[in-house]
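Summary of the model geometry
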Amino acid sequence: MDDHRNSTPKNAIGLCLLPQELIQTIFLSLVLPEIVRLKLVSKSFSRIISDHAFVRQCNSLSTSTTWLFVYKKRWLRDAVLHAFTDRSSDRWFRIPIAELLKPVHFHGEDLYFLAASNNVFLFASNTVREVVAVNLVSVTVKKIPPSPLGPRGTSSWRRSGMKLVTDLSGSGHFRFMFAEFVGNRPVLFVYSSETDTWKSTEAMENEGPGLVPRGGEHVFLNVVHGPRESVLVASTPNCDSPVVVRPRFNDSRGGGSNDGALTVGFSWGNVIDRLHVYGDGYMMIVKSEGVRVTGEDGVRRNLRVLKGVELWGVSLDGRDWEFVCVVPCEVMRVIEKPYGVMMGCLEEKNGIVRLALVSNCEGLWDMTWLSFDTKWKHWTWIPLPDCKMKGWNMAGISFSSGLTLP
């Protein structure tokens, strides 16, 4: 893992002369990509970082650190995973991917970044229609066998309909979950890296007084969204007894031609004024309005400007989408800007809902990170430095936390 700064040998020698306890304290103030890079600087640093006590302290801090990962590429040989955390707010970290994927012999330039959890990252290929798991810390690559639905192209994977769950014991094992309609019934598919096998379970209707709390241990996977109703599959972490949740949406507060109807995916500047982003039992409604903008070439174009963001969540009984909160005006004034096309990703973990919005306006990319604390009802805007994406294609985005040393 690389960043845009380089330590000089002179600085490394000077640091080695300090007491080990002080060196450990300095290292613990860094984020994990910086620590991994320091292992390569000297044998002394590698010995300190490999110490069991240091690993425990480092992992304890890293577990609570949230990362935003963006995968961008021009060609496969140029593919780079960019990583950002608010603990190191002045730059993105660059993680070259092409070298890591050489053992699986992926050909072509069609890789797509699906999901991330702890040290494990999933990538899909459209040409060979395969999924591979990459462990960035142990530097290992594993092909995942086709699911019971057979090989799938990148367009078949929906971000809100899948989830990567890693084993917290440190074993490196993980489960990859996704939900789809099969024979008009929602089915949960789960891959276990420990057994290298898939398991499929038909989800049962959520009848009676059973409660499915969002933000708890349940995993919510979106299956489909109609004009007024969504279909989700809720499952416990051990993937037993998944249930169907059918929350209905009724926004009677007005404010647009599409109010009261669900939309999915991208928001195109001259077509849709509401974008719905789903994840983990929550939904963000991103509202925009049309504007006329004169470009650098002097041509006036129809674009849209971000005007409002609302947070909704599945109700406790699973029957409705219920309004949670709206992004305050002082935050909207900072993030509202024109765009041509927009997409987003949404994640909830430990009571914090995180939203990333990625927009493009005349070839220029822009990213926004918002967080909402469900306990304190507080919004936070996290400034992102320039990811320098002009001329590149974006091929996946995901939040993750818990990068740890082995």
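Residues numbered from 1 in each chain as written. Predicted model: local features only at pLDDT ≥ 70, side-chain atom pairs only at ≥ 80, totals over all residues. Heavy atoms only, no water.

Attention now goes to the overall build of the protein chain. Of the regular secondary structure elements, the protein chain holds six helices and 26 strands. Within the protein chain, the proportion of its 406 residues that are buried is 51%. Considering only contacts in the protein chain between residues 6 or more positions apart, those separated by 24 or more positions represent 54%. As presented, the protein chain carries roughly 19,200 Å² of accessible surface, and 52% of it is formed by carbon and sulfur atoms. (Helix = DSSP H or I, 4+ residues; strand = E, 2+ residues; numbered from the N terminus. Buried < 20%, exposed > 50% of the residue type's maximum accessible area, 1.4 Å probe, protein only. Contact = heavy atoms within 4.5 Å. Areas by Shrake-Rupley, 256 points an atom, 1.4 Å probe, with all protein chains shown as cover.)

So, on to the nonpolar core. A general feature of soluble globular proteins is that nonpolar side chains tend to end up buried together. Counting 37 residues, the largest nonpolar core has Phe69, Tyr71, Leu81, Ile97 and Phe121 as the members making the most contacts within it. If near-sequence neighbours (up to four positions away) are discounted, Phe121 is found in contact with Phe69, Leu81, Phe113, Ala115, Ala116, Val132, Ala133, Val134, Leu136 and Leu403. Core analysis: the next-biggest nonpolar cluster, separate from the first, contains 22 residues, Leu306, Cys325, Met342 and Val353 among them. (Core = buried A, V, L, I, M, F, W, Y, C linked by side-chain atoms within 4.5 Å.)

Right, let's talk about the packing of aromatic side chains for a bit. The geometry of two aromatic rings is summed up by the distance between their centres and the angle between their planes. Tallied over the entire structure, the rule returns 23 aromatic pairs. Aromatic side chains Trp67 and Phe93 sit 5.7 Å apart centroid to centroid with 65° between the ring planes, which places their arrangement in the edge-to-face category. Remark: Phe93 occurs in strand 3 (residues 93-96) and Trp67 occurs in strand 1 (residues 66-73); sequence separation between them is 26 residues. Overall, Trp67 belongs to the buried group, its relative accessible area being 2%. According to the relative accessible area criterion, Phe93 is buried, its value standing at 1%. With a centroid separation of 5.4 Å and 35° between ring planes, the pair formed by Phe113 and Phe123 is classed as tilted. One end of the pair, Phe113, is in strand 4 (residues 111-117); the other, Phe123, is in strand 5 (residues 120-125), and 10 residues separate them in sequence. Judged by its relative accessible area of 0%, Phe113 falls in the buried class. The structure contains a cluster of three or more aromatic residues connected by ring pairs, namely Trp67, Phe69, Tyr71, Phe93, Phe113, Phe121 and Phe123. (Phe/Tyr/Trp six-rings, centres within 6.5 Å; stacked < 30°, edge-to-face > 60°.)

What follows covers a nonpolar patch on the surface. Among the surface-exposed residues, Leu18, Leu22 and Ile26 lie close enough to one another that they form a single nonpolar patch of about 210 Å² accessible area. Along the chain, Ile26 falls in helix 2 (residues 20-28). The exposure class assigned to Ile26 is partly exposed, which follows from its relative accessible area of 31%. (Patch = residues over 30% accessible without salt bridge, like charges linked within 9 Å, V, L, I, M, F, W, Y side chains within 5 Å. Salt bridge = Lys/Arg side-chain N within 4 Å of Asp/Glu carboxyl O.)

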